[in-house]
Amino acid sequence: MIKPIHGKKKNRLIGRTLLKTYPFTDGEDERHFIYDRHNLSIYGIPLTIESLPFQTQDLAVGACASIACWISQHPLIRVFGIEKNSLYEVTSKSVTFPNAQSDRNFPSEGLPLIQIKNYFNIIGLESESIRFNSYLYKDMVPVAIKAYLNMNLPIIAALNIRSHNGTEGYHAVVISGYRSSGGKIKELYIHDDQIGPYSRTTPENENFTSWKNEWIDKYDKKEINLLALIIPIYSKVRMKFGSIYSSYIEAKNLAPQFSEKFDTSVEPELLLYTLNKYKKEIWNKKLENKIEILMKPFPKYMWIVRYRDHNEPYLDIIYDATMVHPTEEFSTVRYIPECTLKSV
């Protein structure tokens, strides 16, 4: 939708827009997207579109961070039952926490991280911030992205974009999906209010903290650096990513022991689940003690460290995400493998 108003460059602004995602498969690669279900009609013909809404920034009511919050709320409506806010309402709620660097709330000059967090607090959610520095496990970023997108949670990425002349600026986008090959993320898709929806983004280094996309290819910027990930989350999901990531690292160190039993290496992955989604997923799987597992009173939110073999689940180590620390495993679920064990 094109708004009947213009930006500072006299260009017409793009309002709420829904675009179809890329195909979910491409050869052996898989794509995963967060989305909301939208019921529409054209000339009375009902349509259902599964996508993530997009619009460009309108500095009168909201810059990039406000847009990122506005985009993020849509999948959260279905996951956590929050109310929907307009872009103006997003900014007005965010700025109830004062920004010392800005003398006016409107026109909007953008939101710092503390005001982004303030918006999610006001609508009844927490927000987890994962900040990055020189000491970083190389897979921390893709592990976090896969874990939270598995539960259809949006991830706001805080970026530093540098020009060739040395100037830099801060920017906020929403990670709306990823492309993976053999379980490894190789490409991200982002909703960027200054580029567009589902913008292809590739890593420039092995730990995913330096990106390449149209900011470099089209707008001639020098580099894009990831500063932090901000994830809106329900307060009852008390176990933070940093705590469960330590358990994931322990599982990763044990992976070679599993690999000795199979023809291929077994790699763990970290996933966040709701109870309903998890039991729905395992309903058609072959499990050991399946009836007992389906009847067991699991917590409403679960962190799961999953081992795979030939891209099929082999073992789930389940942690109660409503606890503060992963002091002990809540349960384990063993799958009956489709592939045979390596012959001795």
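As the structure is a prediction and not an experimental result, all values here were calculated from the model. (Residues numbered from 1 in each chain as written. Predicted model: local features only at pLDDT ≥ 70, side-chain atom pairs only at ≥ 80, totals over all residues. Heavy atoms only, no water.)

**Student:** Tell me about the nonpolar core, and name the residues and values.
**Tutor:** I145, Y148, W211, L229, F241 and W303 are the most contacted members of the largest nonpolar core, which has 83 residues in total. If you tally residues by element for this core, the top one is helix α1 (residues 64-80), at 9 residues. Residue contacts for F241: discarding those within four places in its chain leaves E128, I130, M140, V143, A144, Y148, L270 and W303. One finds L271, Y273, Y278 and L294 within the second-largest nonpolar core, a separate group that totals 13 residues. (Core = buried A, V, L, I, M, F, W, Y, C linked by side-chain atoms within 4.5 Å. Buried < 20%, exposed > 50% of the residue type's maximum accessible area, 1.4 Å probe, protein only. Helix = DSSP H or I, 4+ residues; strand = E, 2+ residues; numbered from the N terminus. Contact = heavy atoms within 4.5 Å.)

**Student:** Got a sec to walk through the confidence of the model for the chain? Specific residues and values, please.
**Tutor:** Residues at a pLDDT of 70 or more form 84% of the chain, whose mean pLDDT is 84. Confidence, expressed as mean pLDDT per element, reaches its minimum in the chain at strand β1 (residues 2-6) with 47 and its maximum at helix α4 (residues 140-149) with 95. For residues 3-7, every residue scores under 50 in pLDDT, and the model assigns this stretch 15 contacts once sequence neighbours within four places are set aside. (pLDDT = per-residue confidence, 0-100.)

**Student:** I'd like a rundown of the environment of D26, residues and numbers included.
**Tutor:** Secondary-structure assignment places D26 in strand β3 (residues 25-26). Of the residues examined, D26 reaches a relative accessible area of 35% and is grouped as partly exposed. Here the alpha-carbon distance between D26 and S180, two residues 154 residues apart in the chain, equals 9.9 Å. Once you skip the residues sitting within four places of it in the chain, D26 turns out to touch R31 and R179. Engagement of the side chain of D26 in a polar contact is seen with the side chain of R179, the distance being 3.0 Å. (Polar contact = N/O pair within 3.5 Å; in protein donor to acceptor, adjacent residues only side chain to side chain.)

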